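# Residue-level structure breakdown
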Amino acid sequence: MTDDYLATSMRDVMCAAVTEAHVGQRVSVCGWVARRREHGEKLAFLDVRDRTGLIQAVVDGTVDVRAEYVIRLTGTVTRRPEGTRNERLATGSVELSDCAVEVLAPAEPPPFPLDGRVEVDEAVRLRYRYLDLRRDGVAANLRLRARVNGALRRAMDAQGFCEVETPLLWAPTPEGSREFVIPARLHPGEFFVLPQSPQIAKQLLMVGGFDRYYQLARCLRDEDLRADRQFEFTQLDIEASFVTQDDVMGFVSRAVLDAAEVATGVRPTSIDTMTWAEALDRYGTDKPDLRYEMTLHDLSREFETSSLRAFSAPTVKALRVPGGGEFSRAALDGLTETAKALGAGGLAWFRVTADGLDSPLARHLSADEAAAIRAVDGGAAPGDLILAVADEYVVACRVLGALRVAVASMPVGAGPHRYVWVTEFPLFEGFGDDGHPLAAHHPFTMPHPDDLANLESSPLTVRSQAYDLVLNGWELGSGSVRVHRADIQSRIFRVLGISDEDAQSRFGFMLGAFSYGAPPHAGFAVGVDRLVAIFAGEENIREVIAFPKTQSGSDLMTGAPKSLTARQLAELRLTFAPKGQ
RNA sequence: GGACCUGUGGUGCAGCUCGGAGUGCACGCCGCCCUGUCAAGGCGGAGGUCGCGGGUUCAAAUCCCGUCAGGUCCGCCA
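Let us look at the structure shown here.

Rules behind the numbers
- Residues numbered from 1 in each chain as written.
- Chains lettered and ligands numbered in written order.
- Predicted model: local features only at pLDDT ≥ 70, side-chain atom pairs only at ≥ 80, totals over all residues.
- Heavy atoms only, no water.
- Salt bridge = Lys/Arg side-chain N within 4 Å of Asp/Glu carboxyl O.
- Helix = DSSP H or I, 4+ residues; strand = E, 2+ residues; numbered from the N terminus.
- Buried < 20%, exposed > 50% of the residue type's maximum accessible area, 1.4 Å probe, protein only.
- Core = buried A, V, L, I, M, F, W, Y, C linked by side-chain atoms within 4.5 Å.
- Contact = heavy atoms within 4.5 Å.
- Pairing = 2+ DSSP bridges.
- Axes fitted to C-alpha atoms, helices over the stretch in contact; angles between N-to-C directions.
- Polar contact = N/O pair within 3.5 Å; in protein donor to acceptor, adjacent residues only side chain to side chain.
- Near = heavy atom within 4 Å.
- Nonpolar A, V, L, I, M, F, W, Y, C, P; charged D, E, K, R; others polar.

## Focus: the pattern of salt bridges
- In total, this model carries 36 salt bridges according to the counting rule given.
- Asp98 is the salt-bridge partner of Arg26, the closest N and O atoms lying 3.9 Å from each other. Remark: Asp98 occurs in strand β5 (residues 94–105) and Arg26 occurs in strand β1 (residues 26–38); sequence separation between them is 72 residues.
- Of the charged contacts in the structure, one is a salt bridge between Asp289 and Arg291, with a shortest N-O distance of 2.7 Å. Accessibility classification places Asp289 together with Arg291 in one group, the buried group.

Printed below as a string of structure tokens:
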């Protein structure tokens, strides 16, 4: 592949593209001074850097440039003298000699080293993000991200999808995540919101006949930040008509596997599938990390009649940690604290030894119970550790699932990439303060056809046609088959406690649209930031975002958010309540 | 709203347990020297509100309380 097309009026070739094929040619390069090595008044070396890499220039005499000066350098490509080649540099066999240096812009010394050899405090990097972008790490991640975006777009195009942009200024729909609010200057006292996702817009596109829509959509949610959550993030947003759940999973699988191939050079062979119930039961989470085993095992029957108070609970779940006998008492205390923090009454642990079980509970176990502990997960070997939690079923599963992840302690990008579809999520999760069940996904999610009859009688047992895609324990995205029939939608609203008037005021335009012929449709959204972070081997999506916010939601570079002038506030007719109200 | 970790010249760290002069290391910066380096090398120099405020003490980077900032997590994220 040639980089010649990157030549401009100012430069002939990119720095790292200078090769022995250019020897004898007089060329110009443009870039930043990466380093200067002076050898007295007669000789100096400059490393010139652009986004492709470095080229060394030899300067006869002194040259008045410092690190990070922007220069245009014209020189003759020369084969380096014998013994002075640099194997570690792509351009290490050549150099530019007989150089003319033109300073395009001088530069202050940078506030932190740009050569990537030292870890720099992230607050400093974020304050000077434009300098951080000159370094290899984030720059390479952003280029990877661009390639992933390209692969996703090509995959969707190839599958007949049409890219449509949807509004950023949208109507408030109080439900779900907190929305960013935009005052409407032309309508004092009224507000737009920024969409937490294009969910409703894309369903309206289905009514509009765009039977295959996609978009790399920016989504905005005014919720607290995490390593894998920013206020604004990007989704590959997909919706299609006349399709089933399997069709959508097929579309998404192709796009994600294409992106994986582009990003990693290897196409994953397959994506596993399991139900939500199975994920909870075996892995204690709805986003199982399949890179390691350590599944959860049920000991409820074995301890049903146990005299042990610690195990008198509806469910007893256990986990075998191979080699976990090495864990120190302090480490086990830490796991116990984690278990308690997650809502368990405590954590039972058993070190498996040649003689038996080493545990504070060991002497209280019956022979059968001890045998049951040792038989967990196909049988424990000396040196293994067994962790057990007794509680309500869901608590026992979730706590042990969290311990499983904590014990494995595996970076998200490490090892093989294990994709898994998790299907048949419950339609509702728990009850709200008003006594009505809460929608697990969103209120337009289609119930599982086999469970439709139980919608009113036992809503919490109703499965939905909602599905997640999980990679290495991170939720990559979720989707569902949507409700397109007014009768089912009414029943769901009723169960949720949303009155007809409520439904009309919140989603009236949508329900109206659906009355004019809504096709059966379903969709999905893939979190691009997370996907790229895993491809890049990063634990934090800030590393794949050009200008991210801190965890407290501020931008250290611009200082945002900031207050407005009194004049701006007056124009928006905004005043503020006194602090503390 | 809550828990935990971190904060020391521009950068990265050590010093903090067990209080005793802003002590140390590496990089960078400034000056001088140096004709084949490539993380160049040699010599010299400058650079500090130990995040901020309060307390304890004869004495605080060090102990205590509060606070701010950054991070990880819980809550939150239909």
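Here the narrative resumes.
## A short note on the nonpolar core
- With 65 residues, the main nonpolar core has Val148, Leu236, Val252, Leu531 and Phe535 as its most contacted residues.
- Sort the elements by how many residues they give to this core and helix α5 (residues 245–264) lands first, with 10 residues.
- When neighbours within four sequence positions are excluded, Val252 is seen to be in contact with Ile238, Trp421, Leu469, Phe524 and Val526.
- If you look at the next biggest cluster of nonpolar residues, it comprises 24 residues, including Ala17, Val27, Tyr69 and Val94.

## Observations concerning the sheet that holds strand β16 (residues 385–391)
- The strand order across the open sheet built from five strands is β12-β13-β16-β14-β15, with neighbouring strands paired in antiparallel fashion. If you trace the sheet from one side to the other, it starts and ends with β12 (296–298) and β15 (357–358), each paired once.
- Helix α7 (residues 329–341) contacts β14 (348–352) and β16 of the sheet and is inclined by roughly 150° relative to β14.

## Some thoughts on the environment of Gln215
- By the element assignment, Gln215 lies in strand β9 (residues 212–220).
- Given the relative accessible area of 7%, Gln215 is considered buried.
- Taking the C-alpha atoms as reference points, Gln215 and Arg153, separated by 62 residues in sequence, lie 8.4 Å from one another.
- Beyond its immediate stretch of four places on either side in the chain, Gln215 contacts Glu163, Val164, Glu165, Thr166, Pro198, Gln235, Leu236 and Asp237.
- A polar side-chain atom of Gln215 sits 3.1 Å from a polar atom in the side chain of Thr166.

## Regarding the protein's contact with RNA strand B
- Inspection of the region around RNA strand B gives 50 residues, with Arg35, Thr84, Arg117, His441 and Asn540 positioned closest.
- Contact between RNA strand B and Ala227: a phosphate oxygen at 3.3 Å from a main-chain N or O atom of the residue.
- Contact between RNA strand B and Arg542: a phosphate oxygen at 3.1 Å from a side-chain N or O atom of the residue.
- Mapped onto the surface near RNA strand B, the elements with two or more residues apiece are β1, β2 (43–50) and α1 (122–127).
- In terms of residue class, the surface near RNA strand B is built from 13 nonpolar, 16 polar and 21 charged.

Any link to function would need more than the numbers given here.
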